[in-house]
Amino acid sequence: MAIAESRPAAVASLLARSRTDASATSARLVVSVPPDAIFFGGGLPDPMKYPTDAMTRVLVELLASSDHEALGYIHGAGDGALREAIAHRFSAQERVDVAADRIVITNGSSGALSLLAIALIEPGDVVLCEELTYPGALATFRQMRARIVSVPVDGEGMCTGELASILTQLDRERARVKVLYTIATCQSPTGTVLSAARRRELVDLADRFDIIVVQDTTYADIRFADDFPPELIALAPQRTVHVASFSKTLAPGLRLGWAAGPPAIIDVLKEIRTDLGTSRLLQRMVAQLISNGDFDAHLREMNAHYRSKRDAVVDALTWSRPPASWNVPAGGFFVWLVLDRDDMAAVEAAAARRGVAFFAAPYFSAGGGPEVAGIRLAYGELDSPRLVEGIRLLSDALSEAT
Ligand SMILES: Cc1ncc(COP(=O)(O)O)c(C=O)c1O
């Protein structure tokens, strides 16, 4: 008998229930979509645009070098050359002073979120999230038995007026509010950028109620305008952890991200990790791509590319006129479509009949917020003709269902 078949019930009973039950895991992240469907799916970059030539050049050089250091372990903070390159680039771009020793390299931004959750959250601690938000972060916080409290989002991002009321109420209840998790720049799924005024209000509230701000900037380097407001770490360096990723700018398969923040937190993240670091070879490769200018050149090209895809989606919506409203995002990978009616099951069925699939609002819900009938239109991965065809079919489906 195969080992996998023997006494499955007995083995299942040995699982750690507090971390493996459906509500605490990312099982919801897996959906089944027919292979030929036009799927406005994950927040994925365009696979035809990975910078493979530049990566190959640098990797060949690294592997040809005689000391083979790049093939060794790099435990703790991560490769010094990469942390220096990130610190230099980020400090110049955001006009902040983030030193390399305040940065830790992680297994994507999700690796940073996992380490932060272990370092910060005890069972019952409140984590404030946007309603709607990244389901992977919700799963990470729930695995640590956090109590998730959601804050509404409108066209300007998280509603800080509501945040103030929620914090006051939680204070009255004597709840232990630990973390505010926000995707303030190029939000997922709504595509919003938190306004400068609200950023100020958010960090003032974090100061007043003594909470740590975790800003997930996974999509923030994809931008189509110059006038983005300052990131939260520039406004409140003493209590903000800035979480970033190379998944959307270079390639998700590199599994490289980073976190920067107060030494009291970053030092703990370095100490508690048990993964023995991420690939040093790939860290060195990215360090070189940043220092030799290839990274920024690639990013400029990608921003023009994704801007044209965003425009293709918005133009297709404008001429196909579905019964819905939508935003024109200033960056990131998502147009957020809000339906005139909320019969999502009928919309999904009508779309499926036409071979179109998408993630809708419930997928991103932190729970407890007002129900919104929204669809996330991710334009990173699909090519423009498929995007346009998908919008045409989706608009037909929406007209039929509503
Ligand atoms: C908002 C957000 N944060 C974090 C992640 C994790 O990204 P990665 O671990 O690849 O950096 C994702 C993945 O799509 C995401 O959408």
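What counts and what doesn't
- Residues numbered from 1 in each chain as written.
- Predicted model: local features only at pLDDT ≥ 70, side-chain atom pairs only at ≥ 80, totals over all residues.
- Heavy atoms only, no water.
- Near = heavy atom within 4 Å.
- Polar contact = N/O pair within 3.5 Å; in protein donor to acceptor, adjacent residues only side chain to side chain.
- Areas by Shrake-Rupley, 256 points an atom, 1.4 Å probe, with all protein chains shown as cover.
- Helix = DSSP H or I, 4+ residues; strand = E, 2+ residues; numbered from the N terminus.
- Nonpolar A, V, L, I, M, F, W, Y, C, P; charged D, E, K, R; others polar.
- Buried < 20%, exposed > 50% of the residue type's maximum accessible area, 1.4 Å probe, protein only.
- Contact = heavy atoms within 4.5 Å.
- Domains from an automatic or database assignment.
- Buried area = accessible area lost by both parts, 1.4 Å probe.
- Salt bridge = Lys/Arg side-chain N within 4 Å of Asp/Glu carboxyl O.
- Pairing = 2+ DSSP bridges.
- Axes fitted to C-alpha atoms, helices over the stretch in contact; angles between N-to-C directions.

1. Looking at the site of the ligand
Every residue close to the ligand is listed here: Gly108, Ser109, Ser110, Tyr134, Ile183, Asp216, Thr218, Tyr219, Ser245, Ser247, Lys248 and Arg255. Between serine 109 and the ligand, the recorded distance is 2.7 Å, taken from a backbone N or O atom to an oxygen atom. Aspartate 216 places a polar side-chain atom, nitrogen or oxygen, 2.6 Å from a nitrogen atom of the ligand. For the ligand, the accessible surface in isolation is 400 Å², of which the surrounding protein chains cover 91%. If one sorts the elements of the shell around the ligand by residue count, helix 5 (residues 108-120) sits on top with three residues. Split into classes, the residues belonging to the shell around the ligand amount to three nonpolar, six polar and three charged.

2. Some points on the environment of alanine 70
Positionally, alanine 70 belongs in the loop between helix 3 (52-64) and helix 4 (80-94). What makes alanine 70 buried here is its relative accessible area of 7%. With 212 residues separating them along the chain, alanine 70 and leucine 282 place their C-alpha atoms 8.2 Å apart. The residues touching alanine 70, leaving out its near neighbours within four places in the chain, are Arg280, Leu281 and Arg284.

3. Looking at the domain arrangement of the chain
Each domain of the chain was delimited in the assignment, giving domain 1 (33-50 + 297-401) and domain 2 (64-292). Relative to domain 2, the C-alpha centre of domain 1 lies at a distance of 26 Å. Tallying the contact residues gives 28 residues for domain 1 and 30 residues for domain 2. Between domain 1 and domain 2, a total of about 2400 Å² is buried, with carbon and sulfur atoms accounting for 63% of that surface. When residues of domain 1 are sorted by the area they lose upon contact with domain 2, Leu299, Phe364 and Ala366 head the list and together hold 22% of the total. Counting across the interface, domain 1 meets domain 2 through zero salt bridges. Our count for the domain 1 to domain 2 interface comes out at 15 residue pairs in polar contact (both at pLDDT 80 or more). Looking at the side of domain 1 that touches domain 2, the elements that each hand over two or more residues are helix 12 (294-320) and strand 11 (334-339). At six residues, the largest contribution of residues to the side of domain 1 that touches domain 2 is made by helix 12.

4. So, the sheet that holds strand 3 (residues 126-131)
Judged by pairing direction, the sheet is mixed, and its eight strands sit side by side in the order 2-9-8-7-6-3-4-5 without closing on themselves. The open sheet has two edge strands with one neighbour each: strand 2 (103-106) and strand 5 (157-158). As defined by bridge partners, strand 3 adjoins strand 6 (residues 177-182) across four bridges and the pair is classed as parallel. Bridge pairing in strand 6 links cysteine 129 to tyrosine 181. Lying on the sheet, helix 4 is in contact with strand 2, strand 8 (240-245) and strand 9 (257-260); it crosses strand 2 at an angle near 120 degrees.

5. Examining unusual backbone geometry
Here the residue pair serine 188 and proline 189 is connected by a cis peptide bond, since its omega of 10 degrees sits within 30 degrees of zero. Mapped onto the fold, proline 189 is located in the loop between strand 6 and helix 8 (196-209). In this structure, cysteine 186 takes a positive phi of about 60 degrees despite not being glycine. Summarising the element assignment, cysteine 186 is placed in the loop between strand 6 and helix 8. Phi is positive for arginine 255, close to 50 degrees, though the residue is something other than glycine. You can see arginine 255 is positioned in the loop between strand 8 and strand 9. Classification of arginine 255 by relative accessible area gives partly exposed; the value is 31%.

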